[in-house]
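Residue strings, one per chain:
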Amino acid sequence: MHQVVAVKQQQMNGGARKAVFAPVDSRARVDAVVRRIGDAIELGLLADGEQLPGESELAGQLGVSTVTLREALMALRQQGLVTTRRGRGGGSFVSLPEVPGEERLKVRLRGWSTEELRDLGDHWAALSGTAARLAAERTEPDDLVQLRRTAEELTQAADAAARSRVYGRFHVELAAAAQSARLTREQVALQTEIGALLCLVLGDDEYREEVAHRHRSVISAVQDGAHETARELAERCVQDSTARLVALRLTL
Amino acid sequence: MSLATAAAGTAPEVAAAVRSALESVFDAVAATRTDTADLLARVAAEGRRPATVDLAALRPGLHLRLARNELVSGVGFVAAPGLLTDVPAWLEWWQSGSDGDVRPLLLDLDPEQSAYADYTHWDWFALPRDTGERAVAGPYVDYLCSDEYSLTLSAPVQMEGRFAGVAAADVYLRHFEAAVLPMLRRLPGPAHLVNARGRVTASADPAHLAGSLTKGPDFAAVLQRARPGRFRGLRLVPCRDIPVVLVISAR
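What counts and how
Residues numbered from 1 in each chain as written. Chains lettered and ligands numbered in written order. Predicted model: local features only at pLDDT ≥ 70, side-chain atom pairs only at ≥ 80, totals over all residues. Core = buried A, V, L, I, M, F, W, Y, C linked by C-beta atoms within 7 Å. Buried ≥ 20, exposed ≤ 12 C-beta atoms within 10 Å, placed from the backbone. Contact = placed C-beta atoms within 7 Å. Axes fitted to C-alpha atoms, helices over the stretch in contact; angles between N-to-C directions. Helix = DSSP H or I, 4+ residues; strand = E, 2+ residues; numbered from the N terminus. Parallel < 35°, antiparallel > 145°, perpendicular 65-115°, else oblique. Nonpolar A, V, L, I, M, F, W, Y, C, P; charged D, E, K, R; others polar. Pairing = 2+ DSSP bridges. Domains from an automatic or database assignment.

## Looking at the nonpolar core
Generally speaking, soluble globular proteins have nonpolar side chains that are buried together.
Inference 1: In terms of nonpolar packing, the biggest core is built from 124 residues, with Ala131, Ala132, Ala135 and Leu174 of chain A together with Val18, Val245 and Leu246 of chain B touching the most fellow members.
Inference 2: Residues in contact with Ala135 of chain A, not counting those within four places in the same chain, are Leu174, Ala177, Ala178, Val222 and Ala230 of chain A.
Inference 3: In terms of nonpolar packing, the next biggest core, distinct from the first, is built from 13 residues, Val33, Ile37, Leu45 and Val82 of chain A among them.

As structure tokens, this is what we get:
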């Protein structure tokens, strides 16, 4: 017992002690930057070998301090997603390691606690559920064309990354059909967080079919003006995806 | 906005004022259309196909239109896919920021990377392409360009007799409301404006808020007839040449 306390104190005197007294959200900011850039690399938005903007420019664009950015770049280097070269022509470069994408995504998923995933799913269900309800009130047939096209495209999308992009677009379009700019902006932001993770569950053809089916039933309920049904179906769709992520997280 | 202070009391006067507000935006669209068509004709006369660098010549005009019309928050030319030699798709699009600066819209139009790369199904593109006429799209949530609840007014541009893209201008709904609300409030009954599909575009009637649908009347038919009409307790006054109907409820 005494020993444990002693060890704890020793750690507290070092780096951990500093972390305790760091501004409360600076660690969260590092994580947010790591996730953002890591997701962009996983989704192919940043290509292998592409040079990232300079540190101060990138920090400015992301709205974080250069110190935060450096910590995030260090974490990305540790994950093997970024290499840094010094000197002339140097800088930070995207580097896709040889490990398969799925393995890297699993490493990323491990960065989420089940509580955080559950909370992310709650937020998503709140957004998409409300969007579906409002869309059912405010949509007329011509507004459903885009949603139908997207539901159809999901059945055609070959790889997991493409499926995840189209899945996300469905929920953004649902928020737009609700005529709400705020819900739409929130949904776009949420998709940048969850999009890469969804690749892990959408690779499965059977599940992809199930999601496509769920999307079609949301569209039908919206078209019928069945507000509550539309909301429930949309909620169930995203809750099920989140539950799959949580289940997968627990195996890691 | 000068419209806000205009004395307007009767329904036809309000419909005319709404029309003139949106016609001022169509003026910006028409000027962009003319500039673009002239530019494309010059390029064709040189025996070559246009590239993004040619479209840079549109910028002074686009910046001027953003500065001159308070209702216009975005303006530009959207090329039909395949028009330009150096890129598959392109928006020469400029927006005014809240601080009054003017900046270009830079979109990721690579279909391999963006789920939003294909813009050809949006009403503001598809309507002028399919009808050959100018169009009012929205209100709709514009998650492609501005993240704003918007109206987009557009018109087709041709090159050598073929559809080359659309000239267009964005009006944020909050700006449109600011321009028309004082007039709507002076009408004797609760009033709102709807588009051809019955979607509320601006409203001084708490029972019909912007973005909701006014169900019942066939607004497209009212616009077609171009004459005021009635539906149950509602007075319906079409705005001439603009697909917007003024709806006044009985008190």
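## Points about the packing of helix α10 (residues 181-202) of chain A against helix α12 (residues 227-251) of chain A
Residues and elements named next belong to chain A.
Inference 1: Running from amino to carboxyl end, α10 crosses α12 at an angle of 80°, the nearest separation of the two axes being 10 Å. Judged by the inter-axis angle, α10 sits roughly perpendicular to α12. Counting all contacts with α10, which are made through Leu197, Leu198, Leu200 and Val201, the residues of α12 involved are Ser241, Arg244, Leu245 and Leu248.

## Focus on the interface of chain B and chain A
Inference 1: On the side of chain A, 19 residues touch chain B, which itself brings 14 residues to the contact.
Inference 2: Class assignment for the residues of the side of chain B that touches chain A results in 7 nonpolar, 4 polar and 3 charged.

## A look at the sheet that holds strand β11 (residues 244-249) of chain B
Residue and element names in this part refer to chain B.
Inference 1: The sheet built from 5 strands is open, its strands ordered β8-β7-β11-β10-β9 with antiparallel pairing. The open sheet has two free edges, formed respectively by β8 (200-203) and β9 (229-231), since each of these has just one partner strand. Averaged over all pairs of adjacent strands, the angle between strand axes in this sheet comes to 25°, irrespective of strand direction.
Inference 2: Examined bridge by bridge, strand β10 (residues 234-238) and β11 share 5 bridges and lie antiparallel to one another. Following the sheet pairing, Arg235 is matched in β11 by Ile248.
Inference 3: Across the face of the sheet, helix α2 (residues 11-45) comes into contact with β7 (191-195), β10 and β11 while running at roughly 150° to β11.

## Some words on the domain arrangement of chain B
Residues and elements named next belong to chain B.
Inference 1: The domain architecture assigned to chain B consists of domain 1 (2-7 + 176-249) and domain 2 (17-174).
Inference 2: Placing a centre on the C-alpha atoms of domain 1 and another on those of domain 2 gives a separation of 27 Å.
Inference 3: Residue-level contacts link 21 residues of domain 1 with 13 residues of domain 2.
Inference 4: Those elements that provide at least two residues to the side of domain 1 that touches domain 2 are α6 (173-185), β7 and β11.
Inference 5: Considering each element in turn, the side of domain 1 that touches domain 2 owes the most residues, 6 residues, to α6.

## Some remarks on the sheet that holds strand β4 (residues 135-142) of chain B
Residue and element names in this part refer to chain B.
Inference 1: On the basis of which strands lie adjacent, the open sheet formed by 6 strands has the order β3-β2-β1-β6-β5-β4 and antiparallel pairing. Two strands close off the open sheet at either side, each with one partner strand: β3 (102-104) and β4. Averaged over all pairs of adjacent strands, the angle between their axes in this sheet comes to 20°, without regard to strand direction.
Inference 2: Across 6 bridges, strand β1 (residues 74-79) lies against strand β2 (residues 90-96) in antiparallel orientation. Bridged to Gly76 within β2 is Trp93.
Inference 3: In the packing of α2 onto the sheet, contacts are made with β1, β5 (148-159) and β6 (162-172), and the angle to β5 comes to roughly 35°.

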